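Spelled out from the first residue to the last, the chains are:
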Amino acid sequence: MMNIKTPKKGRIRRELEKRAPKLVETGKKTLILQGTKTSGLLNSVLTEIYHLKKESSVRYTRRNDNVRPFESGGDTSLEFFSQKTDCGMFVFGSHSKKRPDNLILGRMYDHHIYDLVEVGVENFKSMESFVYDKKLAPKMGSKPFIAFVGEGFESVEELKHLKEVLLDLFRGEVVENLNLAGIDRAYVCTALSSNRVLFTHCALRLKKSGTIVPRMELVEVGPSMDLVLRRHRLPNDGLRKEAMKTAADKPKKKEKNVSRDAIQGKIGKVYIPDQQLGDMNLPNKAKGVKRERREAKMNKQANGHPTKRQKAGSD
Amino acid sequence: MEETRTVQVDLGNLMALDSSHHFPSLPSSRFTLLEELIQKCLEKGTELVQVVADALFNLPSTEDVDGPIVKLPPPTTKLPREKHLPKPKPPTTWEMFAKAKGIKNRKKDKIVYDEQTGTWKRRYGYDRVNDDQDVPILEAKATDEVGSDPFAVRRADKKKRVEKQNKNRLQNLKQAAKDHALPSHIQLAATALPITGTQAAPKKVSKDELGNVAGLAATATASGGKFDKKLPGEKKPKHEQKHRKFLPVAEGKGQGSKEKEQTDRVLNKLLSKNSHEILNVDKAVTMYNVKKEKKRSKQKRDSSSNSSKLKPQKKVQKKPIKKGSVNKGSAKKGKSK
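Conventions used here
- Residues numbered from 1 in each chain as written.
- Chains lettered and ligands numbered in written order.
- Predicted model: local features only at pLDDT ≥ 70, side-chain atom pairs only at ≥ 80, totals over all residues.
- Heavy atoms only, no water.
- Buried < 20%, exposed > 50% of the residue type's maximum accessible area, 1.4 Å probe, protein only.
- Helix = DSSP H or I, 4+ residues; strand = E, 2+ residues; numbered from the N terminus.
- Pairing = 2+ DSSP bridges.
- Axes fitted to C-alpha atoms, helices over the stretch in contact; angles between N-to-C directions.
- Contact = heavy atoms within 4.5 Å.
- Buried area = accessible area lost by both parts, 1.4 Å probe.
- Salt bridge = Lys/Arg side-chain N within 4 Å of Asp/Glu carboxyl O.
- Polar contact = N/O pair within 3.5 Å; in protein donor to acceptor, adjacent residues only side chain to side chain.
- Nonpolar A, V, L, I, M, F, W, Y, C, P; charged D, E, K, R; others polar.
- pLDDT = per-residue confidence, 0-100.

Student: Just checking my understanding: could you explain the pairing of strand E5 (residues 102–109) of chain A for this structure?
Tutor: It is a general feature of regular strands that their side chains alternate between the two faces of the sheet. Residues and elements named next belong to chain A. Counting buried residues along E5, 8 of its 8 residues qualify, which places the element largely inside the surrounding structure. In the sheet, strand E4 (residues 89–94) pairs with E5 via 6 bridges, with the strands oriented antiparallel. When the sheet's bridge partners are listed, Phe92 is paired in E5 with Ile104. When E5 meets strand E6 (residues 112–125), the two strands line up antiparallel, connected through 8 bridges. Considered in E6, the bridge of Asn102 is made with Gly120. Connecting E5 to the antiparallel partner E6 that follows it, the hairpin turn spans 2 residues, and Asp110 within it adopts a positive phi of roughly 55°.

Student: Can you help me understand the sheet that holds strand E4 (residues 68–71) of chain B in this one?
Tutor: In a beta sheet, neighbouring strands are held together by backbone hydrogen bonds and run either parallel or antiparallel to one another. Taken together, the 3 strands give an open sheet; going across it, the order is E8(A)-E4(B)-E3(B), and neighbouring strands pair in antiparallel fashion. Single-partner strands in this sheet number two, and they are strand E8 (177–179) of chain A together with strand E3 (61–63) of chain B. When the angles between neighbouring strand axes are averaged without regard to direction, this sheet yields 30°. Across 3 bridges, E8 of chain A lies against E4 of chain B in antiparallel orientation. From the neighbouring strand, Asn177 of chain A faces E4 of chain B, where its bridge partner is Lys71 of chain B.

Student: Is there a simple way to explain the interface of chain B and chain A in this structure?
Tutor: In many reports, interface size means the accessible area that the parts give up when they come together. If you look at the interface, chain B gives 72 residues, while chain A gives 90 residues. With both sides pooled, the region where chain B packs onto chain A buries about 7500 Å², and carbon together with sulfur makes up 64% of that total. Among the residues chain B hides against chain A, the three largest losses belong to Phe57, Arg81 and Glu82 of chain B. Together they make up 11% of the total. There are 2 salt bridges connecting chain B and chain A. Among the salt bridges present, the one from Asp86 of chain A reaches Lys83 of chain B, with a minimum N-O distance of 2.6 Å. If you look at where chain B meets chain A, you find 24 residue pairs in polar contact (both at pLDDT 80 or more). For the side of chain B that touches chain A, the elements supplying multiple residues, two or more each, are strand E2 (15–18), helix H2 (30–57), E4, helix H4 (150–178) and strand E7 (187–188) of chain B. When residues in the side of chain B that touches chain A are grouped by element, the largest group, 17 residues, is from H2 of chain B. Residue composition of the side of chain B that touches chain A, by class: 36 nonpolar, 18 polar and 18 charged.

Student: Sorry, what's going on with the confidence of the model for chain B here?
Tutor: Reading fine detail from the predicted coordinates is not recommended where pLDDT is low. All names here are of chain B. Overall, the predicted model of chain B reaches an average pLDDT of 79, with 78% of residues at or above 70. Scored below 50 in pLDDT, residues 318–337 shows 0 contacts in the model against residues more than four places distant or in partner chains. Listed scores for the predicted complex are pTM 0.64 and ipTM 0.75.

This is how it looks when you write it as structure tokens:
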């Protein structure tokens, strides 16, 4: 026999509702973790990515023996972690002789691995190494500008993929309304060659230009690194099609009774159905009222106006 | 003009892509040129950010205490979802029934007049109207059984109704679970959260199945479990085959040998089944005579005899068969019509 289990506390219930699939998704949480061995450099890379997306990421600091995203069977515990933390993306760092300072960026669909990109980190410069006016430092959770420079992002398959993953990783929350006073950061990704991308994080300085649009100035605040492409795995077509579905894809209902006119603009027709008084609810249909009516009927009977039913009973 | 053509802007993501720019290959002597390269990248990045900002700041904005707020268009770059689209909840049994019958949901008042206390009370929940626990006296009815507690009956009835509703609810949720549309906060306990979808829920053995297994074990004795002592509540082992009955051979009081009767019955049945094959001698003799007569008369008329000899014979055999087949066909037709 099955049992219905529902959370006893409202907080847990709300938490579960947050995790439920939504019609419109506004952003993915990122899980940041490492494999058996990491280097000092990689540790700081992971920490700084965590700092960049602090409001929407989870950092696992223990080493994970059985996480190897590209190998079969090495994704089981990763998928479990994704389920546990409700993360739709992950950044996995590992360091080996064959692949030094290795970073795997991946996305999940329904807590299963969707796609993977593997990059090596070179020429890493941490946040601490940059000197700038601290007033400019970007605030946590602000919406960033993202700039991709280089023809590689269009022509090379791997770079195209990396671009999409980087955009998904750093674009922040998808918002409808944006406060223009709150824009203070930009990511610049430059394809230096067919397999090398320069990634930097900059603060924005808005200067007066005399028009509404201020003049933008980028101040490098770090981290900055070169990403050298290694392996990558694209999703299969069926999965991609499934994952690309949006609520807007569904065919919209035809708009009825609305027409547009060049002079009058939008014109609507309104149909008023016949008023059906029989179905209408009375404004005050309480039981007490009914009871009074019943009592009145009883009184009537007592006064000597026998109803049909009573007649039948007497016969 | 040329720049705007090559720069793709996704305002929803505040993203810009310049696919025309091409950097020369990495400099060999690092420390001086790398700085220059980064500077160049930043310059290019600034240009792109400016392009996005041009579009962004020209959007219609509304003034707020914290600053101007613009409405961003939806992102144009398509990115995959994190989870599947939410599935619609399948209708419950009641909802389906109500739809079939055209039953409409009518709004009920939240507050109802309570006749016992003479006040207005909530329809459901704490301090509700017509609460069973508030009734101090119940009027006796003609249908009441002697010795039964009417309060206990009311309580039991209520309990039954609640149980029935819970059963229905579980049934509906099971259906929803089948369609993967279970509400997020509900979990059916037998199916623990599967981690990778490989674990199946353990099947529970039913009472009947357990009984069958016990019966199987009993057949290991010499008598096939016939003379075993039964435990309280244990059923007889299931008998799969037909039951055979052996009748007494010897004749009993006032009756003949039953076994002989049975075998006779079987024999008669068999014989009667094939009785049409048994020869009717008289008929055969007359038929033979008639044929002979005909043959003789024909021989007198013409010499060709062999073919005519065979034909009547054939006809005699065929006719009844044909008739039957025709009848069958017509019967079938009648049915199909």
